Amino acid sequence: MSQPLVLGIETSCDETAIGIVRGRTLLANEIASSVEEHARFGGVVPEIASRAHLEAILPSIERAVRDAKISLKDLDAIAVTAGPGLVGALLVGTASAAGLAQGLGLPLYGVNHLAAHVSVDYLTHDLPTDPTIALLVSGGHSSLLQVNDITSSITKLGATMDDAAGEAFDKIARILNLGFPGGPAIDHDARNGNPSAIDFPRGLTTTNDWEVRPYDFSFSGLKTAVARYLEATPENIRADVSASFQEAVVDVLLLKALAACKSSGIDSLVIAGGVAANSRLREVAADRCAKAGIQLRIPSPGLCTDNGAMVAALGSLMVSAGRPATEGAFDADSSLQVERVSL
Ligand code: KG4
Ligand code: ZN
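Presented here is an overview of the structure given in this document. (Residues numbered from 1 in each chain as written. Chains lettered and ligands numbered in written order. Predicted model: local features only at pLDDT ≥ 70, side-chain atom pairs only at ≥ 80, totals over all residues. Heavy atoms only, no water.)

## Remarks on the site of ligand 1
- In the neighbourhood of ligand 1, 19 residues make up the surrounding shell, with Gly139, Asp170, Gly183, Asp187 and Asp306 lying closest.
- One nitrogen or oxygen atom from the side chain of histidine 113 is found 3.1 Å from an oxygen atom belonging to ligand 1.
- The separation between an oxygen atom of ligand 1 and a polar side-chain atom of histidine 117 is 3.0 Å.
- Burial of ligand 1 by the protein chains amounts to 89% of its free accessible area of 550 Å².
- Listing elements by their share of the shell around ligand 1, those giving two or more residues are α4 (113–119), α5 (165–175) and α6 (182–190).
- Here the shell around ligand 1 gets 4 residues from one element, more than from any other, and that element is α6.
- When the residues that make up the shell around ligand 1 are grouped by side-chain class, the tally is 5 nonpolar, 11 polar and 3 charged.
- The residue makeup of the shell around ligand 1 includes at least three contributed by each of domain 1 (5–121 + 304–320) and domain 2 (128–298). (Near = heavy atom within 4 Å. Polar contact = N/O pair within 3.5 Å; in protein donor to acceptor, adjacent residues only side chain to side chain. Areas by Shrake-Rupley, 256 points an atom, 1.4 Å probe, with all protein chains shown as cover. Helix = DSSP H or I, 4+ residues; strand = E, 2+ residues; numbered from the N terminus. Nonpolar A, V, L, I, M, F, W, Y, C, P; charged D, E, K, R; others polar. Domains from an automatic or database assignment.)

## With respect to the sheet that holds strand β6 (residues 132–137)
- The mixed open sheet is built from 5 strands, whose spatial order is β8-β7-β6-β9-β10. Each end of this open sheet is capped by a strand with a single partner; those strands are β8 (153–159) and β10 (295–297). Between one strand axis and the next, the sheet turns through 25° on average, direction left out of account.
- Across 6 bridges, β6 lies against strand β7 (residues 142–149) in antiparallel orientation. Within β7, the residue paired with threonine 132 across the bridge is valine 147.
- Packing of helix α9 (residues 238–264) onto the sheet brings it into contact with β6, β7, β8 and β9 (268–272), and relative to β6 it is tilted by some 160°. (Pairing = 2+ DSSP bridges. Axes fitted to C-alpha atoms, helices over the stretch in contact; angles between N-to-C directions. Contact = heavy atoms within 4.5 Å.)

## Concerning the sheet that holds strand β1 (residues 5–10)
- Taken together, the 5 strands give an open sheet; going across it, the order is β3-β2-β1-β4-β5, and neighbouring strands pair in mixed fashion. Either end of the sheet is taken by a strand with one partner, and the two such strands are β3 (25–33) and β5 (108–112). The mean angle between the axes of side-by-side strands here comes to 20°, regardless of whether they run parallel or antiparallel.
- For β1 and strand β2 (residues 15–22), the ladder comprises 6 bridges, and the chain directions are antiparallel. Considered in β2, the bridge of glutamate 10 is made with alanine 17.
- Contacts between helix α3 (residues 87–104) and the sheet are confined to β1, β4 (77–83) and β5, with β4 contributing the most and set at about 160° to the helix.

Here it is, written out as structure tokens:
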């Protein structure tokens, strides 16, 4: 099927998100977020997220169907995030998707949230026919991947040893009293700061690290360095701290992503996940990739953070590629590995 009409459901964290695509065309992207209910706790509270999904899911599906100007009976398939994520949150999505698919007699695809982040790029840019390197940077994961075929073959080259990149943004924002989630707040604050003001450490970049762990990341040393700097420098300029911290994260992410391109001989890079919305990451990536002759693809900022369009996009690619649907009842897998594109 070349232009399948697919509804995607995403509930792995705090967004109840529904996307509808026809082939590579986005028809609806409905997002209900419970972020404000979590803000005072400084992070996502699983029970609050699950309850919010239960309340939001049916109205969100109805709104998406209305926006897309389709009828549920026109659909060719349902796709849902099966993991990784918060198990109670995931289950609201998988149970709803299973009920919908069964009621409508449609194939159901239980897909990987991380692969979905990468696949949303194909709503904007052409599907690469050759392998591509993907830098996946979100609140829960940071990894470097070699994507041979987004519907079936992903190899992990490296990952973070401690905090995810987004988690580092969230933790530093908390120390700087910038609120939650921290990424957008630091991105904004950093615009008034000097990125070279403070030389914060770049994790896992010693000569030995480049030999032993070339594609792994570590952000915990950076977090400690920022905390120590703030203690030792009470008269600090917050925007300079934000900008210098952000620069250290951006620098190390791109050093490693470009090294992966170089050593694999792959001259194409996709950057995906919530942190890919970061304006400085997008700017420095464009500059360095142009100089290195690497074709860069980054989804629009609104499609980088969690959404339903990415799940629908991966579902649509699965249908077009003739991949089998997920058979029978399936459990959400809160620690689903990135190499498993679908269940
Ligand atoms: O992909 P995502 O929406 O959810 C997960 O799957 O985790 O990523 C959320 C993360 C949060 O840590 C958030 O602070 C970060 O992405 N983020 C950003 C920006 N927008 C969101 N980080 C840096 N700069 C941004 N503009
Ligand atoms: Zn995500």
